[in-house]
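Each chain is listed here by its residues.
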Amino acid sequence: MEEDKLRVRKIAEGTVIDHIPRGRSLIVLKILGVTGNEENTIAVLINVESRKLGRKDIVKIEKRELTEDEVNLIALVAPTATINIIRNCQVVKKYRVELPREIRRILRCVNPTCVTNTEEHVETVFEVICRNPLKLRCAYCWTYLTLEDILHQLEEIR
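Analysis parameters
Residues numbered from 1 in each chain as written. Predicted model: local features only at pLDDT ≥ 70, side-chain atom pairs only at ≥ 80, totals over all residues. Heavy atoms only, no water. Buried < 20%, exposed > 50% of the residue type's maximum accessible area, 1.4 Å probe, protein only. Helix = DSSP H or I, 4+ residues; strand = E, 2+ residues; numbered from the N terminus. Pairing = 2+ DSSP bridges. Axes fitted to C-alpha atoms, helices over the stretch in contact; angles between N-to-C directions. Contact = heavy atoms within 4.5 Å.

A. The arrangement of helix 2 (residues 68-77) in detail. Along helix 2, 8 of the 10 residues are buried, which leaves the element largely enclosed by surrounding structure. By the burial criterion, the buried members of helix 2 are Glu70, Val71, Asn72, Leu73, Ile74, Ala75, Leu76 and Val77.

B. Representation of the sheet that holds strand 7 (residues 125-131) in the model. Spatial ordering of the open sheet is given by 6-7-8-9, a layout of 4 strands whose pairing is antiparallel. Here the strands that pair on one side only, and so sit at the sheet edges, are strand 6 (102-104) and strand 9 (144-146). Strand-to-strand twist in this sheet, taken as the mean axis angle between neighbours without regard to direction, amounts to 30 degrees. Here strand 6 runs beside strand 7; their pairing, made up of 3 bridges, is antiparallel. When the sheet's bridge partners are listed, Ile103 is paired in strand 7 with Phe126.

C. Quick look at the environment of Ile42. Its location among the elements puts Ile42 in strand 2 (residues 42-50). For Ile42, a relative accessible area of 25% corresponds to the partly exposed category. Taking C-alpha positions, Ile42 is 16 Å from Glu70, a pair spaced 28 residues apart along the chain. If we ignore the near neighbours within four places in the chain, the residues touching Ile42 are Leu29, Val34, Lys60 and Ile61.

Below, the structure is given as structure tokens:
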């Protein structure tokens with residue numbers, strides 16, 4: 001049936017973030033700093049059928065490409081996500097997010113006595129200890145961060 005099909009207009013320039021685990025698109029929007037007051041069009045699809053994931057979310061954002069830090073944060077909260085760079089209505093680059101071995105400067109250590117919280121100009125460095133369930137370790141004080149800690153920081157920061 002034609003009216004049962006999902007219809008979202010293609011974007012001419014920008015980024016499509018696909019295969020986001022169900023319910024995590026709002027976190028992705030927070031990572032991207034989306035407030036709803038942007039001039040560019042942003043489409044968010046939540047709980048869409050997916051052969052691979054069962055259900056997934058999708059974010060389309062016109063006239064915007066992601067920074068490395070944004071992609072790394074997305075990899076933390078949506079490890080199955082794929083990034084599609086669109087130019088002239090065509091996908092010019094498509095890749096899966098990949099969690100790096102280290103996460104630098106974009107998260108803070110939850111240990112208040114960590115050198116990154118007590119000294120100025122000490123960049124945070126977290127080693128990825130486990131991908132599933134997500135577990136990071138501060139390179140300075142060895143305090144662990146979990147996905148819950150990261151989601152809490154995203155609530156505070158953005």
